[in-house]
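Each chain, written out:
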Amino acid sequence: MAAIKQTFFQECEEQLAELETGLLAIESQQVDDDTINAVFRAVHSIKGGAGAFGLDELVRFAHTFETVLDLLRGSQIEAAPPLVKLMLRSSDTLADLVRYSRDGGEMDQARVGQLHDELMQVVNPVATPACAQSAEPHAGDDEAGGDDPEAFFPVTVTFDDLIGENSDDDGQIVFNVWFKPKPELYAKANDAAKLLRELRALGEADIACDRSDVPLLSELDPEGAYLAWNVRLVTSAGESAVRDVFEFVEFDCEIRIEAEPSVEPDFEFTPEPVAEIGPAEAPADSPAIPQAVLERLAEFAPEQAAKAAAPSAGASPAQQAQTTIRVDLDRVDRLIDLVGELVINQSMLAQRVTEAGIARLSDVAVGLDDLEQLTREIQDSVMAIRAQPVRPIFQRMSRVVREVADMTGKSVRLITEGENCEVDKTVIERLTDPLTHMIRNAIDHGLESPEERVQAGKPEQGVVRMTAAHRSGRVIIEVSDDGSGINRERVRSIAVDKGLIDADAQLADNEIDDLIFAPGFSTASAVSDVSGRGVGMDVVKRSIQALGGRIAISSRPGKGTAFTLSLPLTLAVLDGMVVTVAGQTLVVPLTAIVETLQPKNSDVHGLGETARVISTRGAFIPLIDVGRELGYRDCEADPVGSVAIMVESENRAQSALLVDGIIGQQQVVIKSLETNYGHVFGVAAATILGDGRVAVILDVDAIVAGSRSDPARSEGANRKRNAA
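In this report, we go over the structure that sits alongside the text. Keep in mind that this is a model prediction, so the values were computed, not measured.

### Remarks on the overall build of the protein
Link 1 in the chain: Looking only at helices and strands, the protein has 25 helices and 22 strands in total.
Link 2 in the chain: Counting every position in the protein, which comprises 724 residues, the buried fraction comes to 40%.
Link 3 in the chain: At a minimum sequence separation of 6, the contacts of the protein that also span at least 24 residues come to 70%.
Link 4 in the chain: When the accessible surface of the protein is split by element, carbon and sulfur atoms take 50% of a total near 40200 Å².

Dropping the structure here:
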């Protein structure tokens, strides 16, 4: 049962994602029957599974939510904005109930109760009673029992209004359905009337109530179940569609579904006319010939039957649902580790072949090239297993937007693009907190109040946009708003007050914008539930850097602000350039490299006491000695005898990393140095090379940022690194 329950909660995540998607589509005025039905099925599925595990609180709330959706599905209520907002809040609460049911803990009962009451306020004014009652007193009781509260009157029961109209009058198959609910069905908040409605939605249904098991009143159990139902259903749907109606209650009721035998046509079959019609001559819009007719035709004229079946055989088959399996994530991680070892061993084998001096065109070298290609394909396939679209985390941000908008009293609309962009599951899991901070910051600090927006000539409703796209082997996520932009004067003033910069410091606009990433920096004037506690964008930057990513900011006064995240597609392997620095072997991530060049004396210029720049294509680029930054040497390297690697840092500014030489490009397996050893300045991770040596993977952004700090601080840092 534990394994089944775990599967149920996994399916709940899928159902909640579908629910969120459908409600957001309804919110954007994309209201159609398929969307509403999908939303209803999601809640119905969660309720059905929760009932099987005795999750009463979850069942109770889901049942009320389902009732509202059922009214919407039956066009008894309209998807007005207040109702859509209520359903979105209900979706959030349903997700919380699922999480608490899975992980344990106490749910905020007051919040659940209040939302439940709001849903009931929607249900009560429009809900149709389970049975329409007409009080008809017995003959002769008009005077005696008219006002007697204990007097008995017969009740006329009809399900016409509750069950609804037939949706399909072209039934081709006749099913006789008999089902009798057990008490457990009603205890789990299910309803026989809804099952009857689902059956009638499939076609023409004649429904009769079987009351033969109803006991005398003195023997009746108020929590019992005595009624059964006979349904004669004429439908064009198959038996599987009929059985799907009882999918979540099959263990809580007795069910019999039988198809009536088809009636043979009373005519004499003449196959000759069919022989004159070939596949090319059949009309394009002619209906498909039923299989039963083809079988009957085959008994008398096999050749004609083959020609008649040819058009349907050549038609494109209906697209089948994609088949998936559930695999424990630990097994996938183990497989990825093994692929990583395969990559390392393939590199080692290539190194041994090179050291042995084997010719490149020999059979061994050719076979090794094939192995390398096969290894890369295996690695790509395994990584694709862990790849997931960013849609779930984007949908989760919708909830954050609603909550923060309510807290701040602002009207906000979230627009998402590129939700199908795939990235490693680990990256997705660790993106939740950074994106949450950014969304809250965009609404609280970026967007103006409705009154200020109107005065500025903007729509009252602010817009926050989230986009994702693949670019140059990385995933780019942008969070932007159409607010007032960064107030650079205020940011600079706060930075001076906090001692982050000198009062006379000369900073460019992008450097002022980067100040908001300083630890403890906040522009909030007061502490609130949203911001102002000194924890914010510095946390975002550290989290993104921990993922091997970069973050950049751009802002236009009065137009808005955009944060751009550049992240690796996977945290397992990367393509890197292997270089040497002061006798050490290092790896520079290939995604950060723009180009490489050989410096000339005329291209290198001094700047200040220690800084140097290199001239290329009419621009002066900072020249950074990697060996000195990492503490491998004290003196500056000679640029002429070195190689300059042009890299792009987090703010898209270019720098040149000075290294001694380039060994070549190689795919390397990422090993966390911080987990296995500790944090080291300028080092993002480590790897094992083909010769078995450990090489560090450079943190390009950290090295570039460190070179721009105060020289005295850099010298002190170098001494500490050397001492370590």
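### Looking at the sheet that holds strand β14 (residues 593-597)
Link 1 in the chain: Spatial ordering of the open sheet is given by β14-β18-β19-β17-β16-β15, a layout of six strands whose pairing is mixed. Looking at strand neighbours, the two that pair on one side only are β14 and β15 (604-607), the edges of this open sheet. Across the sheet, the axes of successive neighbouring strands diverge by a mean angle of 35°, strand direction being ignored.
Link 2 in the chain: As judged from the six bridges shared by strand β18 (residues 643-648) and strand β19 (residues 654-659), these two strands associate in the antiparallel manner. Bridge pairing in β19 links Ala644 to Leu658.
Link 3 in the chain: Lying over the sheet, helix α24 (residues 700-707) contacts β17 (619-625), β18 and β19, oriented at roughly 100° with respect to β17.

### Some thoughts on the pairing of strand β1 (residues 173-181)
Link 1 in the chain: Within β1, seven of the nine residues are buried, which leaves the element mostly enclosed by the surrounding structure.
Link 2 in the chain: Across seven bridges, the pairing between β1 and strand β3 (residues 228-235) is antiparallel. In the strand pairing of β3, Ile173 is matched with Thr235.
Link 3 in the chain: Strand direction decides the pairing type here: β1 and strand β4 (residues 253-259), joined by seven bridges, are antiparallel. Residue pairing in the sheet places Lys180 in a bridge with Glu254 of β4.

### Quick word on the pairing of β17
Link 1 in the chain: One ladder, built from five bridges, connects strand β16 (residues 611-616) with β17; its direction is antiparallel. For Ser615, the partnering residue across the bridge sits in β17 and is Phe620.
Link 2 in the chain: Where β16 folds back on β17, the antiparallel hairpin that results is connected by two residues, among which Arg617 adopts a positive phi of roughly 50°.
Link 3 in the chain: Here β17 runs beside β19; their pairing, made up of three bridges, is parallel. From the neighbouring strand, Ile624 faces β19, where its bridge partner is Leu657.

### A word on the environment of Arg89
Link 1 in the chain: Checked against the element boundaries, Arg89 lands in helix α4 (residues 81-103).
Link 2 in the chain: With sequence-adjacent residues up to four places away left out, Arg89 is seen in contact with Leu115 and Glu118.
Link 3 in the chain: One polar contact links Arg89 to Glu118, side chain to side chain, over a distance of 3.1 Å.

### Brief notes about the pattern of salt bridges
Link 1 in the chain: Across all of its chains, the model carries 31 salt bridges by this definition.
Link 2 in the chain: Between Arg376 and Asp575 there is a salt bridge, with the nearest N and O atoms lying 3.1 Å from each other. With Arg376 in helix α14 (residues 363-386) and Asp575 in strand β12 (residues 573-581), this pair connects stretches of sequence that are 199 residues apart.
Link 3 in the chain: Linking Glu429 and Lys425 is a salt bridge whose minimum nitrogen-to-oxygen distance equals 3.2 Å. Of the two residues, Glu429 and Lys425 both sit in helix α16 (residues 425-429), four residues apart, roughly one turn of that helix.
Link 4 in the chain: When salt bridges that share partners are traced, they join Glu20, Asp92, Asp96, Arg99, Arg111, Arg399, Arg402 and Glu403 into one network.

### A few points about the sheet that holds β12
Link 1 in the chain: The strand order β20-β12-β13-β22-β21 describes an open sheet built from five strands, whose pairing is mixed. Two strands bound the open sheet, and with one partner strand each, they are β20 (661-669) and β21 (683-688). On average, adjacent strands in this sheet sit at an angle of 35° to one another, irrespective of strand direction.
Link 2 in the chain: Taken together, the eight bridges between β12 and β20 define a ladder with antiparallel strand orientation. By the bridge assignment for β20, Asp575 is matched with Gln667.
Link 3 in the chain: Along the sheet, helix α13 (residues 329-355) contacts β20 and β21; its crossing angle with β20, the most-contacted strand, is approximately 145°.

### With respect to helix α3 (residues 56-73)
A turn of α-helix holds 3.6 residues, and therefore any two residues three or four places apart point the same way.
Link 1 in the chain: The terminal C-alpha atoms of α3, which comprises 18 residues, lie 25 Å apart, in line with the 26 Å expected from a rise of 1.5 Å per residue.
Link 2 in the chain: Of all 18 residues making up α3, 13 are buried, and the element is well covered by its neighbours.
Link 3 in the chain: Looking one or two residues beyond α3, the residue adopting positive phi is Ser75, at roughly 60°.

### Quick notes on the packing of aromatic side chains
Link 1 in the chain: Scanning the model with the defined rule gives four aromatic pairs in all.
Link 2 in the chain: Centroid distance Phe8 to Phe53: 5.5 Å. Interplanar angle 40°. Geometry classified as tilted. Separated by 45 residues along the polypeptide, Phe8 in helix α1 (residues 2-27) and Phe53 in the loop between α2 (33-52) and α3 bring together distant segments of the chain.
Link 3 in the chain: Taken together, the ring pairs connect Phe8, Phe9 and Phe53 into an aromatic cluster.
Link 4 in the chain: The ring centre of Phe40 lies 3.8 Å from the NZ or CZ of Arg73, which sits over that ring.
Link 5 in the chain: Note that Arg256 overlies the ring of Trp178, its terminal NZ or CZ placed 4.3 Å from the centroid.

### Focus on the packing of α13 against α14
Link 1 in the chain: With their axes 10 Å apart at the nearest point, α13 and α14 run at an angle of 160° to one another. Between α13 and α14, the angle is such that the two are roughly antiparallel. Where α13 crosses over α14, the handedness of that crossing is left-handed. Across the interface between the two elements, Leu329, Val332, Asp333, Leu335, Ile336, Val339, Leu342, Val343, Gln346, Leu349, Ala350 and Val353 from α13 touch Val364, Leu368, Leu371, Glu372, Thr375, Ile378, Gln379, Val382, Met383, Ile385 and Arg386 from α14.
Link 2 in the chain: Among the residues making up the contact of α13 with α14, the classes are represented as 17 nonpolar, three polar and three charged.

### Some words on the side chain of Glu448
Link 1 in the chain: Topologically, Glu448 is positioned in the loop between α17 (432-446) and α18 (450-455).
Link 2 in the chain: A distance of 3.0 Å separates a polar atom in the side chain of Glu448 from a polar atom in the side chain of Arg453.
Link 3 in the chain: Polar side-chain contacts of Glu448 include one of 3.3 Å to the backbone nitrogen of Ser484.

### Quick notes on helix α19 (residues 488-497)
Link 1 in the chain: Every buried residue of α19 is listed here: Arg488, Val491, Ile494 and Ala495. Seen end-on, α19 carries its buried residues on one side only, within an arc spanning 125°. Of the exposed residues in α19, those oriented more than 90 degrees away from the buried face are Glu489 and Asp497.
Link 2 in the chain: Looking at the buried side of α19, the elements it contacts are α20 (509-513) and β10 (550-556).
Link 3 in the chain: Positive backbone phi, approximately 75°, marks Gly499, located one or two places after α19.

How each quantity is defined
- Residues numbered from 1 in each chain as written.
- Predicted model: local features only at pLDDT ≥ 70, side-chain atom pairs only at ≥ 80, totals over all residues.
- Heavy atoms only, no water.
- Helix = DSSP H or I, 4+ residues; strand = E, 2+ residues; numbered from the N terminus.
- Buried < 20%, exposed > 50% of the residue type's maximum accessible area, 1.4 Å probe, protein only.
- Contact = heavy atoms within 4.5 Å.
- Areas by Shrake-Rupley, 256 points an atom, 1.4 Å probe, with all protein chains shown as cover.
- Pairing = 2+ DSSP bridges.
- Axes fitted to C-alpha atoms, helices over the stretch in contact; angles between N-to-C directions.
- Polar contact = N/O pair within 3.5 Å; in protein donor to acceptor, adjacent residues only side chain to side chain.
- Salt bridge = Lys/Arg side-chain N within 4 Å of Asp/Glu carboxyl O.
- Expected span 1.5 Å × (residues − 1).
- Phe/Tyr/Trp six-rings, centres within 6.5 Å; stacked < 30°, edge-to-face > 60°.
- Lys NZ or Arg CZ within 6 Å of the ring centre and 35° of its normal.
- Parallel < 35°, antiparallel > 145°, perpendicular 65-115°, else oblique.
- Left-handed = near helix turned anticlockwise from the far one by under 90°.
- Nonpolar A, V, L, I, M, F, W, Y, C, P; charged D, E, K, R; others polar.
- Arc of directions from axis to C-beta.

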